[in-house]
Amino acid sequence: MPTALTKFTPYSRPDAAISALDARAIGYQAPLVITTPNMDWVPELHNDDIEELMAQADGCFGAADCFQWPQMYCKEFEYAVCIPRKDTSSIDLQFAWFTPTTADFAIQPGTAFAVGTLHSHIVDSKKDIITNMLASLKHDINVLRRHPLTYRDIIIFVAQVQRSFLDIIAFMDYVEIVQPHLTSGWSSWGPLEGNSRWMGCFTTDSKICDIYLNAGVPMWLVRTEVYISPQMNIIKPVVLTFPDDLTKNVYCEGNITRPFPLLYRGYTGTFAVNPGAPLPSTLPQNQASGKAPSQGQKNKKARKITSSQLMKPKDSKIADAQPNRDKWEDLCRPENPEAIGFWTSAFQKANKDKNRVKKGLVDQGYRFPEPALLITPSSPERKKLFVANWLAARPLWISRVDHNPPERFPSPQLWRDFLNSSPSGEPSTIASSSSAGPTAAAMRKQAATQIFGEDLQDTQGTTWAIGENVQWRNMTISIISLCNPPLRLMRLILWELYKLNFRYELLALDRVMARASWEESQHNRRDLLYSIFPEEGGFVMWSSSLPDDDSGLWGRRIIDAFPCVDNFCKLLSCWEDSPPHLNAPLDASAFDATTYFQVMQQACDFTCNVSSTTLAGPPSSRTAFLRNISASFIPRSELR
C-alpha cells in the first residue's frame, strides 16, 4: 500500500516558507493527501466510514470522540480545536483520561446489589483541582462521591465528567488564546508555532487552515492528489499515526458482553452534537442499527409481555393490597409520618374531578414504591419481607432512576409483587403459603426481573440475596428486627420514601410544565431544581446520615429558608398558567413569617392543582402522587 514515504520527497522553494498550503509533514491516506503546516505528525482521518457510535469499554467513543482524536472542523463548535491532548498534557491534568477499574469501585456494605461509588481517595484527590477551576463541575463531583452507581454506570459517568472538564478547558483556551489571534490586529505578527497540547482539527478549506495556522492551532489540510502543487514545500513525508492506543472493545462483565447502547449510525468525523452535551437519558433502540434483534432483545420483549400480566388484579390472598382504602385520605398508622400543614391543606382543596386529568403527559408509574406498601402488610413476616426487599434494592433503584430511568416506571401492582418476592429466587415461607402456589412465586420473581432487568443478575446469572443485615443511611439494620421494627426507624424510612417520590415526580412535572425552559438550558433548569433542596448531591438521599436539624424549605429560621422558598417560587413561575403572585420576586429584607406562610401556601396549592390535572393514569396513581406531595417535606422534629 503506498504511503507518503513512497509518493513524496522533501522539496523546498527558494523562500522555504511554510504556508497553509505547504507541508511541514505530509501523509497519504488513499485517495487523500493530508498536509500540516505546523505539526510533525499526521493522524489518520476517520471521516467517511459508516460507523456505529456507542461507548466503548472505557466509556469513550474511540476515534469518533473529539476528546480523544482530531475531527473535521465544525464552525458551531470551533473551540473544540483547543481540547487538550492526553500525551502532551501536564501531570495534574492526567485524571481527565483516568479509566476506573474494579479495584477503584467500592461496593457499599449491606447492599444486596453491586452498587457503590469510586473509592473516596480517588474522588477527593480530584475535587480541589476541579472545583477551584470549574465551579460548574461541583455537582458532577458530588455525584461521584455520593450517588449510588453500578460499576458499568461509573465508567460512563466518569467519562462524561472528563468530557465536561475538557470541554470547558478547551473553551477557555479558545477565548483567551486563539480568538484574539483571529482578529485583524494580529495578522502582522506572523503565525504562532503549532501548540502540541491542543487537539487541532482536519479541514478541506485552505482558508480555514490559514486562519487557524496564525493562532497556533494544529491543522491538517485534506486534499486529493490532483490539488497537490509540484512547487509545494515539503519538509517531511510521514507514515500516518493511527489511534491504536484508543479502546475499541465493548464493555464486558466477566465473560458476559454488555455493550453500551447505540447512539448513532452514520458518517464520522464531524460534530453531530455539542461535544460537551451529556448523553441522552433515553437512548435509541438497537433496531436503528439495521441489525436483527439479539436473543437478549427477544428475551426482554418476552419479559415485557409476561410482565403485563402483573398489571392485572391479583387474588387478595396473594399480597396485602390495601383493600378499599381511599388514597385521598391520609393513612392513619403510627409508622406513617405526619404531613405538613401546607400540603395537607392544599391536598384537601385540590380539584379531584377525574375528567380534568390530562392523560399521556407524565408517566403513570411510580418512581418509587408507595410508602404505604411497607406498613400495610398484615403479618410480621410479610412486613419484614417488604421492608427488607426495599432496603436491599434501594441503592440500585436510586441509581437507575437518577441516571438511567426505564422507559416506563413500575405500576403499584408491579411494586407490590416485587416487594413480596423472595430474594433468593425461591418461594419464601410467606410466598409458599399462598394458595396460588409456585405460579405466584414465579410472577413475583418476574416482577423483580422486569423492574431491574440485567442489573438483577451477577455474572453467574444468579439473583440477588440478602444477608443478615442491610445498610441504610450509615445505619446497620438486622433483617430479623424488621418483623417488629422500631417505630422511629419505620417513620424515617417512610419519610425518605415520601421525599424521593416527591423530588423525582416534581422533576417529571417540571419537564412538562416548563418545557421551554428545559429546551433553553437543561443544566440551568436542573440546577434550579436542586437549589430547592439543601443536599449537595441533588435529589439523591442515599449514604449520608440523617440531618440533625430541619433545613431547606422548613428551616427553623425564616432567613435560612428564604433561598429555597425563593427558588421554589422561581421554579413554579415558569409553569404554564402560574398565578401572578408566584411571579413577583421575593425581597429577602422584607421576608418575615407572615410572608413565608402566605407564599408557601400559595405555592403548595398551585403545585397540587397542577399535579391533579397533569398526572396521567388511573385515580390510584394520580392520588398517590398527591399523597406523596402532601407528606414530602416532613420536619426532622416530627420524626422523633
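Analysis parameters
Residues numbered from 1 in each chain as written. Predicted model: local features only at pLDDT ≥ 70, side-chain atom pairs only at ≥ 80, totals over all residues. Heavy atoms only, no water. Helix = DSSP H or I, 4+ residues; strand = E, 2+ residues; numbered from the N terminus. Buried < 20%, exposed > 50% of the residue type's maximum accessible area, 1.4 Å probe, protein only. Contact = heavy atoms within 4.5 Å. Patch = residues over 30% accessible without salt bridge, like charges linked within 9 Å, V, L, I, M, F, W, Y side chains within 5 Å. Areas by Shrake-Rupley, 256 points an atom, 1.4 Å probe, with all protein chains shown as cover. Salt bridge = Lys/Arg side-chain N within 4 Å of Asp/Glu carboxyl O. Axes fitted to C-alpha atoms, helices over the stretch in contact; angles between N-to-C directions. Parallel < 35°, antiparallel > 145°, perpendicular 65-115°, else oblique. Left-handed = near helix turned anticlockwise from the far one by under 90°. Nonpolar A, V, L, I, M, F, W, Y, C, P; charged D, E, K, R; others polar. Pairing = 2+ DSSP bridges. Right-handed = clockwise from strand over helix to strand, strands pointing away. Core = buried A, V, L, I, M, F, W, Y, C linked by side-chain atoms within 4.5 Å. Phe/Tyr/Trp six-rings, centres within 6.5 Å; stacked < 30°, edge-to-face > 60°. Lys NZ or Arg CZ within 6 Å of the ring centre and 35° of its normal.

**Considering the overall build of the protein**
Phase 1 of the analysis: Summing up its helical and strand segments, the protein has 18 helices and 14 strands in all.
Phase 2 of the analysis: When burial is assessed residue by residue, the protein has 53% of its 640 residues classed as buried.
Phase 3 of the analysis: Of the contacts formed within the protein by residues at least 6 apart in sequence, a portion of 76% connects residues at least 24 apart.

**Observations concerning a nonpolar patch on the surface**
Phase 1 of the analysis: A grouping of Leu5, Val239 and Phe242 is seen on the molecular surface, where their side chains present a nonpolar patch of about 270 Å² in accessible area.
Phase 2 of the analysis: Classification of Phe242 as partly exposed rests on a relative accessible area of 39%.

**Observations regarding the packing of helix α12 (residues 487–513) against helix α14 (residues 522–530)**
Phase 1 of the analysis: Orientation of α12 relative to α14, taken along the N-to-C sense of each, is 140°, at an axis distance of 11 Å. For the element pair α12 / α14, the angle class is oblique. When the axes of α12 and α14 are compared, the crossing they make is right-handed. For the pair α12 and α14, the contacting residues are Leu506, Leu507, Asp510 and Arg511 in the first and Arg525, Arg526 and Leu529 in the second.
Phase 2 of the analysis: Residues of the contact of α12 with α14, tallied by class, amount to 3 nonpolar, no polar and 4 charged.

**Here we look at the environment of Gln348**
Phase 1 of the analysis: Residue position: Gln348 is located in helix α7 (residues 341–349).
Phase 2 of the analysis: Note: C-alpha distance between Gln348 and Asp605 (257 residues apart in sequence) is 9.5 Å.

**Brief notes about the pairing of strand β9 (residues 219–224)**
Phase 1 of the analysis: For β9, a buried count of 5 out of 6 residues is recorded, marking the element as mostly surrounded by other parts of the structure.
Phase 2 of the analysis: As defined by bridge partners, strand β2 (residues 32–36) adjoins β9 across 4 bridges and the pair is classed as antiparallel. Within β9, the residue paired with Ile34 across the bridge is Val222.
Phase 3 of the analysis: One ladder, built from 3 bridges, connects strand β8 (residues 201–203) with β9; its direction is parallel. Paired with Cys201 across the bridge in β9 is Met219.
Phase 4 of the analysis: This β-α-β element, β8 to helix α5 (residues 206–214) to β9, shows right-handed connectivity.

**Re the nonpolar core**
Phase 1 of the analysis: Within the largest apolar cluster, 76 residues are counted, with the highest numbers of intra-cluster contacts made by Leu374, Trp390, Phe568 and Trp575.
Phase 2 of the analysis: Here this core takes 17 residues from α12, the largest share from any one element.
Phase 3 of the analysis: Apart from the residues within four sequence positions on either side, Trp575 is in contact with Leu506, Leu509, Asp510, Met513, Ala514, Arg525, Phe606 and Val610.
Phase 4 of the analysis: Counting 32 residues, the second largest nonpolar core, distinct from the first, contains Ala96, Phe165, Tyr174 and Trp198.

**Considering the packing of aromatic side chains**
Phase 1 of the analysis: Under the criterion given, the structure shown has 18 aromatic pairs.
Phase 2 of the analysis: With centroids separated by 5.2 Å and ring planes inclined at 65°, the aromatic side chains of Trp41 and Trp220 adopt a geometry described as edge-to-face. Residue Trp41 is located in the loop between β2 and β3 (50–54), and its partner Trp220 is located in strand β9; the two are separated by 179 residues in the primary sequence. For the pair shown, Trp41 and Trp220 are each scored as buried.
Phase 3 of the analysis: Ring centres of Trp397 and Trp415 lie 5.3 Å apart, and the angle between their planes is 90°; on these two criteria the pair is classed as edge-to-face. Placement of Trp397 in helix α8 (residues 380–403) and of Trp415 in helix α9 (residues 412–419) is noted, with a sequence separation of 18 residues between them.
Phase 4 of the analysis: Using a relative accessible area of 1% as the deciding quantity, one classes Trp415 as buried.
Phase 5 of the analysis: A network of ring pairs unites the aromatic residues Phe368, Trp390, Trp397, Trp415, Phe418 and Tyr504 as a single cluster.
Phase 6 of the analysis: Arg503 extends its terminal NZ or CZ atom over the ring of Phe533, reaching a point 4.1 Å from the ring centre.

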